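# Summary of the model geometry
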Amino acid sequence: MSRPTVNPASLAELAQFAMLLEVTARGKPGNIDRCHDYEDTRLDHFLSSAVLAKPIFSAIEAGNLSIGEAMRDVVARTNMHRGGNTHFGAFLLLLPLIAGKGIAGATELVKKTTVTDAVLFYKAFGLTQVRVRTEDPMDVNDPASIQRLKDEQITMYSVMEYSAPHDMVAREWTNGFALTRRAADLLFAQKDGVHAIPAMFLTLMTEYPDTFIAKKFDEATAEEVMYKARAVRDGRQTLAAFDDECIKAGINPGSLADICIAGIFIALLEGWQWDC
């Protein structure tokens, strides 16, 4: 008896699946997973965000929303819990990747974003608790910044160019989603799909200081975390001890987690099987 034909997953479903796989993967130092919660943000906050985002993913996949509109709508829709910012950076990556049907399309699509997209992006910022640099002259919480976007005709892509030097998620827009590509390639290189995600995550931690950590603490702390990840990789410290140290200090590599989600999405889109 032949097996019934199963329709391939939509891009929206793959994006949702990527979010769920990332947050439930154990062994990502400092980040929430099945074994770790923070006092104000828990696993269920991340799960609810992944579930509630699906209609917006579907809408942008169908071409019914611009990237700016989708950012505004997905943040508004997922901001139904008290867990603060869960997936803002992931949405910033996933939405163009869905709309562009992969990295090549997304790379071209983000360059075509408009001033209106930039304004809607800033309004999305205002709906959540995304950590920003306190000294930033383009304060997302200052109405004058939105007026400046309009007066100077600053597009959403230009906003990402401005942010790229100190924000690795924004930098993905300007470098062709290079780390997203790196994350996906690391998944394909792993033979054990179940453990591929934490292995990929740790590798990225050894290569790049996380810019969310830099904003929350400082650049020196972000670099120190990178060096400690290398100690785990080299067998000089256990993963469990490093994870526990990060959790107790409130050090969570949130930007790398966002890029991890984007990498999982691209890998799934290209046929990677997580349960192999």
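Please read all numbers here as calculations on a predicted model, not as lab measurements.

### Digging into the confidence of the model for the protein chain
- Model confidence for the protein chain is summarised by a mean pLDDT of 89, while 89% of its residues fall at 70 or above.
- Every residue in residues 1-6 is under pLDDT 50, and counting partners more than four places away or in other chains gives zero contacts.

### A short note on the pattern of salt bridges
- The final tally for this structure, using the stated rule, is 14 salt bridges.
- Ionic pairing is found between E22 and K28, a salt bridge with its closest N-O pair at 3.8 Å. K28 shares its class with E22; the two are buried.
- Taking the shortest distance from any N to any O, the salt bridge between K248 and D244 comes out at 3.1 Å. Here D244 and K248 lie together in helix α15 (residues 239-249), a separation of four residues that amounts to about one turn.

### Notes on the environment of K191
- Structurally, K191 can be placed in the loop between α11 (178-189) and α12 (193-207).
- Here the alpha-carbon distance between K191 and W274, two residues 83 residues apart in the chain, equals 9.8 Å.

### Some words on the packing of helix α7 (residues 115-126) against helix α9 (residues 156-163)
- Where α7 meets α9, the axes come as close as 7 Å, and the angle between the chain directions of the two elements is 60°. It follows that α7 is oblique to α9 by the angle criterion. Contact with α7, carried on its side by D117, A118, F121 and Y122, involves M156, V159 and M160 of α9 and no other residues of that element.
- Here the residues of the contact of α7 with α9 sort into six nonpolar, no polar and one charged.

Thresholds, definitions, all that
- Residues numbered from 1 in each chain as written.
- Predicted model: local features only at pLDDT ≥ 70, side-chain atom pairs only at ≥ 80, totals over all residues.
- Heavy atoms only, no water.
- pLDDT = per-residue confidence, 0-100.
- Contact = heavy atoms within 4.5 Å.
- Salt bridge = Lys/Arg side-chain N within 4 Å of Asp/Glu carboxyl O.
- Buried < 20%, exposed > 50% of the residue type's maximum accessible area, 1.4 Å probe, protein only.
- Helix = DSSP H or I, 4+ residues; strand = E, 2+ residues; numbered from the N terminus.
- Axes fitted to C-alpha atoms, helices over the stretch in contact; angles between N-to-C directions.
- Parallel < 35°, antiparallel > 145°, perpendicular 65-115°, else oblique.
- Nonpolar A, V, L, I, M, F, W, Y, C, P; charged D, E, K, R; others polar.

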